[in-house]
Amino acid sequence: MAAHDDLVNHMHRVQTCERDLRDLGMLWQMIESSATISCPDEVAPILPTLIQTRERFNELQQRLIARMVDEQKAALGDELMAQAQCAIDILVRNLYERTADVGFLATDDVVVEFCSGDADHQQTHRAAMVHRLRDYQAKYTVYDDIVLLSPTGEVLVRMDTEATLPRSSDTIVAEALKAPAYVERFRASDLGSGDTPDLLYAHRIAAKGGVNVGVLVLRFRFIDEMHRIFHSGDGQAPPEVALVLIDESGRVIATNDEGHVPTAVTLRPVANGQVVRTSFAGRDYLTVVCASPGYQGYPGPAWRAQAMVSLLTAFRHRDGAAPIPGNVLLDSPELIAIESETQRINRDLRTAVWNGRLMAGNQGDKQAQLKAVLTQVSVAGMRTRARVDMAIKDLYGTSINRMQLRAEQLATLATDLIDRNLYERANDCRWWALSPALQRTLRAPDDGSETRALNALLDHVNGLYTVYTRLIAFDTRGVIRGVSRATDAPGLVGSAIDPRWAAAAQALHNSQQYAVSAFEDTSAHAEGPTYVYLSAVRDAEDGNKLLGGMAIVFNAAREFANMLEDILGDRTGFAAFVENSGKVIASTRPAGVDQPLIEVPGGLGVVEHEGTHYACARVRATGYREFKTSDGYDNRLSAVVALRLGAIEHRRSNLSDQTLIHTAVADRTQAMEVAVFQVGAMRYAVPASVLVDAVAKSEIVRTPHPDPTKLGLVDARAPAGRQMVPVICARQQFGVFYKPRAADGVVLVLRCPRRSELPLMGLRVDDLLAVTDIDRRQLQESPRGFQSFAPWICGLLPMQINTEHGKEPVLVQWIDVSWLTALVQPAGQATEASVLSAPALTTTR
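Residues numbered from 1 in each chain as written. Predicted model: local features only at pLDDT ≥ 70, side-chain atom pairs only at ≥ 80, totals over all residues. Heavy atoms only, no water.

**As for the overall build of the protein chain**
No. 1: Within the protein chain one finds 19 helices and 34 strands.
No. 2: In terms of C-alpha radius of gyration, the protein chain reaches 39 Å, well past the compact-globule figure of 28 Å for 845 residues.
No. 3: Its C-alpha atoms give the protein chain principal-axis dimensions of about 125 × 65 × 45 Å.
No. 4: Counting across all 845 residues of the protein chain, residues that qualify as buried make up 54%.
No. 5: Long-range contacts, defined as pairs at least 24 residues apart, comprise 64% of the intrachain contacts of the protein chain with a sequence gap of at least 6.
No. 6: On the protein chain, roughly 36,300 Å² of surface is accessible, and the fraction owed to carbon and sulfur atoms is 52%. (Helix = DSSP H or I, 4+ residues; strand = E, 2+ residues; numbered from the N terminus. Rg over C-alpha atoms; globule rule 2.2 N^0.38 Å. Buried < 20%, exposed > 50% of the residue type's maximum accessible area, 1.4 Å probe, protein only. Contact = heavy atoms within 4.5 Å. Areas by Shrake-Rupley, 256 points an atom, 1.4 Å probe, with all protein chains shown as cover.)

**Section: the sheet that holds strand β18 (residues 573-579)**
No. 1: Read from one edge to the other, the open sheet built from five strands follows the order β19-β18-β22-β21-β20, with strand pairing classed as antiparallel. Looking at the sheet topology across the chains shown, the edges are occupied by β19 (584-587) and β20 (604-609). The sheet shows a mean angle of 30° between the axes of neighbouring strands, taken without regard to direction.
No. 2: Inspection of the sheet shows strand β21 (residues 612-620) paired to strand β22 (residues 637-647) by nine bridges, in the antiparallel sense. Note that in β22 the partner of V619 across the bridge is A639. (Pairing = 2+ DSSP bridges. Axes fitted to C-alpha atoms, helices over the stretch in contact; angles between N-to-C directions.)

**Focus on a nonpolar patch on the surface**
No. 1: Where nonpolar side chains cluster on the molecular surface, the patch consists of V701, L713 and M724 and spans about 230 Å² of accessible area.
No. 2: With respect to the helices and strands, V701 occurs in strand β26 (residues 701-702).
No. 3: For V701, a relative accessible area of 42% gives the class partly exposed. (Patch = residues over 30% accessible without salt bridge, like charges linked within 9 Å, V, L, I, M, F, W, Y side chains within 5 Å. Salt bridge = Lys/Arg side-chain N within 4 Å of Asp/Glu carboxyl O.)

**Section: the side chain of Q137**
No. 1: Relative to the elements of secondary structure, Q137 occurs in helix α6 (residues 119-139).
No. 2: Those residues in contact with Q137 that sit more than four places away from it in its chain are Y143, I146 and M159.

**Description of the side chain of D170**
No. 1: Checked against the element boundaries, D170 lands in the loop between β2 (155-158) and α7 (172-178).
No. 2: Accessibility expressed as a relative area gives 10% for D170, which makes it buried.

**A few points about the packing of helix α4 (residues 47-105) against helix α8 (residues 222-230)**
No. 1: One way to put it is that α4 packs onto α8 with a least axis distance of 10 Å and a crossing angle of 140°. Viewed along their axes, α4 and α8 adopt a mutual orientation that is oblique. Considering how the two elements wind past one another, α4 and α8 form a crossing that is right-handed. Within the contact between the two elements, α4 uses A87, I90, L91 and N94 and α8 uses E225, M226, I229 and F230.
No. 2: The class makeup of the residues in the contact of α4 with α8 is six nonpolar, one polar and one charged. (Parallel < 35°, antiparallel > 145°, perpendicular 65-115°, else oblique. Left-handed = near helix turned anticlockwise from the far one by under 90°. Nonpolar A, V, L, I, M, F, W, Y, C, P; charged D, E, K, R; others polar.)

**Overview of unusual backbone geometry**
No. 1: The phi dihedral of A264 is positive, around 80°, even though this residue is not glycine.
No. 2: With respect to the element layout, A264 can be found in the loop between β7 (252-255) and β8 (276-280).
No. 3: The residue E610 is not glycine, and still its phi comes out positive at about 50°.
No. 4: Within the element layout of this structure, E610 appears in the loop between β20 and β21.

**Looking at helix α5 (residues 109-116)**
No. 1: Residues of α5 that are buried: V111, V112, F114 and C115. Take α5 and look down its axis: the buried residues cluster within an arc of 165°, on one side only.
No. 2: For α5, the secondary structure elements touched by its buried residues are α4, α6, β1 (143-149), β2, β4 (198-206) and β5 (212-220). (Arc of directions from axis to C-beta.)

**Comments concerning the packing of aromatic side chains**
No. 1: Under the criterion given, the structure shown has 28 aromatic pairs.
No. 2: Each residue in the set F519, Y531, Y533, F554, F560 and F577 is aromatic and connected to the rest through ring pairs, giving one cluster.
No. 3: Lying across the ring of Y738, R731 places its NZ or CZ 5.1 Å from the centre. (Phe/Tyr/Trp six-rings, centres within 6.5 Å; stacked < 30°, edge-to-face > 60°. Lys NZ or Arg CZ within 6 Å of the ring centre and 35° of its normal.)

**Describing the confidence of the model for the protein chain**
A low pLDDT score tells you not to read the predicted coordinates there in detail.
No. 1: Averaged over all residues, the pLDDT of the protein chain equals 86, while 93% of them reach at least 70.
No. 2: Mean pLDDT per element in the protein chain: helix α19 (residues 834-837) is the minimum at 40, and strand β13 (residues 515-516) is the maximum at 97.
No. 3: Counting interchain partners and residues more than four positions distant, the pLDDT-below-50 stretch residues 827-838 has 25 contacts. (pLDDT = per-residue confidence, 0-100.)

**Comments concerning the pattern of salt bridges**
No. 1: Within the structure shown, the criterion is met by 48 salt bridges.
No. 2: The salt bridge involving D78 is made with R402; its shortest N-O contact spans 2.7 Å. Placement of the pair is D78 in helix α4 and R402 in helix α10 (residues 367-432), with a sequence separation of 324 residues.
No. 3: D224 serves as the salt-bridge partner of R228, at 3.1 Å between the closest nitrogen and oxygen. Remark: D224 and R228 occur in helix α8; sequence separation between them is four residues, near one turn of the helix.

Structure, rendered in structure tokens:
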């Protein structure tokens, strides 16, 4: 508990609960002491129960406080982990695309031809090469410089024309020449600023025959990208949270706040995925570190994201729980166990008070003292129960808030992933339209001579970029001239492209523009609806001459499913991408998603669906860099994430929580003590004098019987010791056939009508409510016709209850005890019981 005690000092709500429960523990001790002094003999039968109740409440208090601390710590941990995991996952997915970019651009015909040429050729075409590199960067805006170097490190050309470096000494050139694929390096370089580390991607440039003619280096806008990740819309960390990226040595290489945790400092090592207490710059922090699982075989750099918050402010803005629906039952064994234990303690206490009130009726002069003690016990029990219930509701609220926050963070991550992914698709279609080989083929006559070469080119590109089902090149007539994976679609080449695609491509005026189809079915894609990205192919020498277009068919079914499955992980629930119209374009639910789960009021909340509660969040995908923010395109998508909370329980409220109001009877000659109990959703009452006591349902000895109303036997108190009596199920007798709750059940022991000192039978009811005095003149006859369907009812008793809305009237049904006793004894022996059933009923007309 030491760690818990330390954290409690920073949790105001937990401190308040701990203080209240400690005060109630002292109250229980005072009641025990005063009862032992004032009426020791009379209180002796229930004193062990009082002591046991206090001890059980003390144990429950410790469990509650520990759970509240754990829940608040876990909620904070979830928030920190979501921020850290989101940051590293988005970064690694972004860098995965860079590895494809550098490999593809290194094989670009214009780049290869430039590097293969002699000095005169390079000097003649340097301006055109700079223009081409800038054209590439205009589409792939994640780079701030592109450099072509000779195999010996001479700078042949670079996009940044103001840089004066003639020759690079960076070993990345030699490393790229030896590497079979890309080289990724993060360090200070003369190809960058020189003083601070740069993230560089390099790839050898090979001419025909495999001869190395140069090296391509892409300089990634690392600081700019980390700023976008750290401060992206709803996903950004609160101002009190430091979010940093650390390398394998723990050195900070990027931070969301230089004044809080600056770059270049080294943090203490922390295990991945755990909420750990650490220190930095003389302050204590709660910290979470997350690594990336990699993406599609790409592990990413050996970096981790770390989120940390000062212990002084960690819980300052997390010290409240939003209101929750009353019928939410969480899938949390620990919470369910705490609530069940609370209900058992409360029931045992009510049983003790109930039996004490029954016993007090036979105490003579000591009756008043014992009743006073029992009243104190009842009041203390209600106060304790109310405070414990408040703490449990707090736990539920914190847990549900955690799930809602998690759903919102996952939905935000989903929008980030889909926008970043589709940003790359918009870039690809525009860049590939600038391919000289593609332009050359579309410029040539359509005689079939270029088809094989074009298909091979598209196959090569499609092999590098596997997110596409097919790449299609078409001419100005709308005739398909080449496709990738032609063997899978033998009829496509030579057929007409969708006329809408051809029109969209023709409407594009420059190489920066692109078009996207609606999310719909197409014959070019056999896996359901998808997006098709379109660009215009224009003559490199005459930019105004349209040669045709490029259509790249995105494999939406596979790629969106992968995104959503990665988002959901092993959590129970679902994730989906949804259009503004409500149309679901992708979902982890094969059977589909119903509208209540999609149309979350306010974008965040708890939704009921098919007998289950879900924490739902819907977040709008707002774009990435220029994509959907300034390029004129918007697919109006949102991500929806729903996480299962638990099954719906429509019986979360207890009648025992609505205390009966005890009204003093002015005319004591008309006073009668009655016992009120619950069966199903109804309140029932009998004269207290017909009851011996109440015993726990666990005391029932089950015996085989074909009649479901007969549950078995119970050992009842009798003058000569103990006596076994039969137990009847009130639910079965009264027609309450739905399943009781796990905590429901207690047995009332009824007296024998002829010999009231002997027990006759047990009646299994759901709960005990009160033993109280009433004015017998308040009893009313039951309405005509009751006997035909409820023969056990012989009257009605109007009473009042206290609820959260104030006082409310209720009708308590008065049981005909003679009808009950007739269930277990011959009819002729039950005549005296009627005297106990309903004395002096008032007739109302």
